[in-house]
Each structure stands twice: as C-alpha cells, then as structure tokens.
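Topology and contacts: notes
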Amino acid sequence: MMNVIENMESQDENPVIARPSDSKPVIARPSDSKPVIATTSAPPTENAKVLPTEELNGEEPSMDWFNEDIEKTLEAIDKDEPKDELATDRPSWANKVEYLMAQVGYSVGLSTIWRFPYLCLHNGGGSFIIVYILMLILVGFPLLVMEIAVGQRMHQGSIGVWKNMSPWFGGVGYSSFMVCFIVGLYYSVLMAWSLYYLVQSFQSPLPWSLCPLTKNSSFDPECSRTTSTTYFWYRHVLKTTDEIELGGLPIMHLSVSLLVSWLIICICMIKGLKSTGKMLYVSVFLSYIIFICILIRSLMLKGADFGIKSLFAAQVPALYSVDVWRRTGNHLFLSMGSGFGSFTAISSYVPRSNNCIMDASAVALLNLIISVTATLFVFATLGYLATENSEKCYLKNAERMTNLVTAGVLPPELRLPESLYQHMSYTYPRWFGNLPAGAKLMALPYLSNCDLSEQLKEVMEGPGVAFVAFTEIIAVFSGSTFWAIITFVFLVTMGLSTMQGILQGIITPLQDTFSCLRRHTTLLTVGVCVAMFLGSCFFVQPSGSYYVNLLDDYWASLPLFLILILENVSMAWIYGARRFLADLIIILGRPISPIYRWLWCFVSPFVLLVLFVSILIHLYVRPITYMAWNSSTSNEVLHNYPPWGKVLLALLTVFTILPIPAYFLYTLLKRISPASTRHHRDTDFLRRKSKEEKKKARPRLHVGQSLKKMNKNR
C-alpha cells in the first residue's frame, strides 16, 4: 500500500490527462518532461477524484506486483528518452518489408546450410532439433528481443547502445564490433567459394562430374581413389595442403572470386539503406524461391525417404549429453547472429513505435523453419547419395564373394544369383539374410559394411558437406548445368544477405561514434570493404580453409558468449529488467508478459554462463582437431591443430575482449577524478533543492484507476 502511495506522490506534480475518444494510456508531458500514465477510457470527472494524500491510507490497492514495479519505473525511464525524435536526420528503412528482409537475411545465412545438417546428424538427429528449439525459446528469443529493442529505442549501433545502458560495460559494444569485423573476414570466403562454383557451373559437362585426365589420357590416380566431387573440392577449388603448417601465397582464382564478392557487397552497401534495401529484394526473395525449387527436386530422389527418416529418428541419450547442448548453443548464437551488434544496428533505423517483439518472433520462427527445411533438403540429398553408395558397396561385396567362390575359398551357395543384381540395396540384404548361419560366418570377414546408416555417416564426414553434397547431387540431375547455376546463385545470395547484415553491424557503430562519417557514407563503405578484403585474403591460401574451421569451430563462440553475458547483465541487472519492460510498454502501448523479466534476469545469464564455462573446459581438456585432406590416400583425415593453435585462439580472444576492462577502467578513473566528483556533488545538491521546493508547493493528488483497472477497461 505504501509503495503505491509513494509512487503516486512522486508523480503528483503531473496532472492526469484523459481523452474520452481514446482507449489507450497516454503520457502526460508537462514542462519538466516527466511521464505519467493515465487511463483514457473516460473523462477524468468520472474515474478520478481529488483527495488529500492521507485519505489513501484506508484504500486497498488493486494492482498486482508486476504493475506496481512497472508504475515505479515509468518516471525514471523518460529521462533517457530523446525528445526530438522527429527532428533527427537519421536515415530509415523505406518500409517494414525491407527491414524484416534485412533481419531475416542476416539471421539465415550459409551456416544454416553449411553446419546445421552436419550437427544434426552427429548429435542425435531429431534430439538435436528438440534441444535447438528449447534453447531458442529460453535463451535465443529473449536475447533477440533485447538486441532489437535496444537498437530501436536508442537509435544507435552497438557501441552507443551499451554505453547508454551502462557506462561501466561500455566496452561491450567495442568488443562486439571487433568480433563482427573478424567474423566478416572469414565469412566472406564462404561467399567466394560459392561464387567460384557458380562461375564453374556454366560448363557442360560440369567440371566436378568427371575425374580429370592426365597427359597419358588416364584418370588422375588421386581422383580415382575418391569421388570426383570430393577431389574437385579439395584439389581444384581449395588446392588444399595436407597440413595446416604448409601455407603459401593466396590462390589466384579464389582471390579473384573474393575480390568480386567484396565488389558486390560494396555496391550493395555504397548508398546506405537506399541501396541495401533494394538489393535485399533480390538477395532474400530470389534465394528462397530457388530454395523451394531445389527442395521439391530433392524430395523426388530415390532414397530421399531414408534420409528424412534418419533426420527425425531422435536419439534419447543425446538429450542428456552436455556436448550436444554445448554444440547446440554454440551453433544457435553463431547461426542466428546474436552478439555481433548487427540486429541492434539494423533495428536502429526503424521508428521507436515499431513492434519489436513481433519482429523478433518472425525472425526466430523463420530462422527455425529455414534451418529445418534446409536440413530436409540436405538429408534427402544425402539419403540418395547413401543409397547409391550402398548399392555400389553391395555390388563390390557380390563380386568379391563370386571371386572367392571361384577360387574355392567359399562354398558355392555364397554366389549371388544373376537375377538379384538389380536394386542391390533391397535384394542383396534379403538374400544374405536367408543364408545359413555357418555360411554367413564364413563370408563376413571378407565383406564390407554396406548399411545405409553407415554410408550416410561417411557422406557427412566434413563441415564442407554443403558444397560436396550439392555438387554430388547436381551432377546426376537431368539438366545438371541449369540446376548447378540456380543452386549456387542460391548460396551466393544467402551469403550476400548475411554479409550485408555484418557490414551494417560495422558501419553503423562507426557512423554513430564519429558523426562526421555519416556525411561520407560512400567513402566509409569503400574503406571498410577494402580493408576487409585485404584481411580476408589470408583465408584463401592453400591452408586457409583450416583457419576458417579453427575460427568458426573454436574461437568465435568464446568472445561471443562473454559479450552476450555482459549485455544480458547490463540490461537486466544494471539498467533494470523492470525498467526495460516499462520501455517496451511505452513502445508497444500494451502490457507485456513478466516472463521476459525472469528469462532475462535468471534463465539466460545462467545458460550462457554454463555454455561459456563448458566451452572453456572443452578447449582445456580435449585437443582441437580439424579434417584435413590426405593426398596420398585421397581421403579426409582427422588431425590435431598444432600447439600454437590454442595460443592463437587465446590471443584473438584477449584482443577482442580487451575493450571491456579498458573501458571499465576509463569510466572508473573518470568517476573518481576531482572535477567529476565536484560536478556530481553540485548536481546532487541542485536536485535535492529542486525536490524540496516542489514538495512545499505540492497540490492535492489526482487519484485515478489502478493499472489493473486500466487494463480491464481497454
């Protein structure tokens, strides 16, 4: 009861304003610019009466705890809210469609196609999807709402937003900026790979459909020991070395592809939001139209049903595995893009009244749908490849058994009848299963395991499965050149939309921090693209793909989780989750579920901290590995990164999070300096004097409806 009285007394100098024609609360803004929430469902003479303050002591409050907390914080919010929003010269998105395309295009990128299916197969199939959905609801979505809302309300990039949230954690924005810059360096290489495949697709037959010929007109022996698509990926596209220590100069054709990729990105961003918004219609809509066509075609393949059944076959033990939860959380934030500052930058160009919760819901839902749908396509494709490989394996087993029967090693009943050589994946297992037990025991030592599930795992050996699997399936399509072109146009446009979001997370903070750069958007964009192109050339050397895997698999999650933890703590515990919810109530004009407060204050920080600690333990206890190409055996081999790999990870992590303690010390020194102390004392004295003068001239309170009654009347 006393909390309600004190809250009302703090607002007594602001009269309650009501409009009979409205049914939503409005904010009264007198000369001191302090907000007061009042009902507008009826004239004040009907629902408000004037009472002395002491008469409230006998009244029972009718609002719940959450509305009390929100009412207490409404007055404190307004001091941070800009009063000249209409007078700002900040650009904005042309319409809501462009804005949503920017958010979705950034969130759904190549990693959705590149890594989600790989993790899904090796981490429990359907169980991985269940864990992913749970983490998306409990952690991913609340943090997405937070990042979009802070950018929308403050109209600043990551650096300015977190300085305003808490000066002590102002360095979080700088760290986010640096992580976004480094990730953009190697992510552009993925786009360059796709672009090179696209250029190579304008040939018939496709260059990866056959092994190359040597000078004596025979097939390359290295290619003949593996598939032509795998050989093309490692030896023609990447020109990869057998180990990460064997470097070299940047590969010419990849360097050209990288240059063209950055030219395309620069052209899309050079005019700011005007050019970016128009290109999003192409990069987002076109990619999804092509994706639907490819998905339908893949579902028509032989063996696609087996691949999809493997996807949804949940493995219950995976639900209790710490490693599965760690990998899921790692992929969730790297794939969705939280913590990089791009969501904040993109949302800073929309009106403050925009419904950020609906936008975050749309982005999270589309990210989930496209991730699962892309996995359907990849698993349908791999189901076909596994079926083909299984039939080849059964054929080799049948030929081997026939030779052994001819040599007298095996009995004659182990010879496969000629009539069963069609559809080997169905006929051979049934025939072999009907053999006598003794004959089976004699034959098994000479046979290979041709089970479909084993063949599927062999197909999914490396995280570069997107390129290998796509080229493998395209090579057997009728009209393969056409399908190759549209497939790699799809991958290029997906990479382009994500790179536009990453560049937005770099350019926007720079323009907000250095206002003079806003007048030179073209020059700034060109300068950033040139610098990032030069930096990304490191990843197109022969061993560059191993460094891409090192940063993407082991480094990016370390600073990212620390940034997310500090962002969450800064908002929920320093700025205040109650105060932030009241911000959203003002933005949306309607109540918001208090569950967000519990998620921000307790669930999200706890989960993020557990993930961060588990990653540190994993890096300390286990060796860091990468999949390398062995040219002598024409096979992928698992290698350990050299000892300096962990040193490089540590140096990069320290380098990116160094702004956080540095800015903390800067703020501390600024606060304890004599001039700053004297300024704060003068300010506090003036504030106390102003409050005392207002108390002397206090009018009688206008007592209206409680927030709970207000909500009922809406």
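**Quick look at the pattern of salt bridges**
This model, assessed by the stated rule, comprises ten salt bridges. Note that E98 is salt-bridged to K278, the shortest N-O span being 3.4 Å. Taken as a pair, E98 in helix 4 (residues 96–107) and K278 in helix 13 (residues 273–299) lie far apart in primary sequence, 180 residues in all. Residue classification places E98 among the buried residues on the basis of a relative accessible area of 2%. The residue D323 makes a salt bridge to R622 at a minimum N-O spacing of 3.0 Å. Taken together, the residues D323 in helix 15 (residues 322–336) and R622 in the loop between helix 26 (595–621) and strand 4 (625–630) connect sequence positions 299 residues apart.

**Side note on the confidence of the model for the protein chain**
Across the protein chain, pLDDT averages 79, with 78% of residues at or above 70. Within the model, pLDDT remains below 50 along residues 73–87, and this stretch shows 34 contacts once partners closer than five positions in the same chain are excluded. Note that pLDDT drops below 50 for residues 680–714; the model gives that stretch 56 contacts with residues more than four away or on any other chain.

**Structural notes on the pairing of strand 5 (residues 635–640)**
As judged from the six bridges shared by strand 4 and strand 5, these two strands associate in the antiparallel manner. By the bridge assignment for strand 5, W629 is matched with E636. Between the end of strand 4 and the start of strand 5, which pair antiparallel, lie four residues, with S634 showing a positive phi angle near 55 degrees.

**Details of unusual backbone geometry**
Of the consecutive residues S204 and P205, the connecting peptide bond is found in the cis state with omega at 0 degrees. Looking at the secondary structure, you find P205 in the loop between helix 9 (171–200) and helix 10 (221–224). Residues other than glycine seldom take positive phi values, yet H155 does so here, at roughly 55 degrees. Locating H155 in the fold gives a position in the loop between helix 7 (126–154) and helix 8 (158–165). A positive phi angle, close to 55 degrees, is found at S634, a residue other than glycine. Residue position: S634 is located in the loop between strand 4 and strand 5.

**Quick look at the packing of helix 8 against helix 9**
Interhelical geometry of helix 8 versus helix 9 gives an angle of 160 degrees and a closest axis separation of 7 Å. Judged by the inter-axis angle, helix 8 sits roughly antiparallel to helix 9. Two packed elements cross with a definite hand, and for helix 8 against helix 9 that hand is right-handed. Counted together, S158, I159, W162 and K163 of helix 8 and V172, G173, Y174 and S176 of helix 9 form the full contact between these two elements. Here the residues of the contact of helix 8 with helix 9 are counted per class, giving four nonpolar, three polar and one charged.

**A few points about the state of the cysteines**
As used here, a disulfide is simply a covalent bond connecting the sulfur atoms of two cysteines. Across all of its chains, the model carries one disulfide by this definition. Note on C266: no disulfide assigned, nearest cysteine sulfur contributed by C529 at a separation of 4.1 Å.

The rules behind these values
Residues numbered from 1 in each chain as written. Predicted model: local features only at pLDDT ≥ 70, side-chain atom pairs only at ≥ 80, totals over all residues. Heavy atoms only, no water. Salt bridge = Lys/Arg side-chain N within 4 Å of Asp/Glu carboxyl O. Helix = DSSP H or I, 4+ residues; strand = E, 2+ residues; numbered from the N terminus. Buried < 20%, exposed > 50% of the residue type's maximum accessible area, 1.4 Å probe, protein only. pLDDT = per-residue confidence, 0-100. Contact = heavy atoms within 4.5 Å. Pairing = 2+ DSSP bridges. Axes fitted to C-alpha atoms, helices over the stretch in contact; angles between N-to-C directions. Parallel < 35°, antiparallel > 145°, perpendicular 65-115°, else oblique. Left-handed = near helix turned anticlockwise from the far one by under 90°. Nonpolar A, V, L, I, M, F, W, Y, C, P; charged D, E, K, R; others polar. Disulfide = S-S within 2.5 Å.

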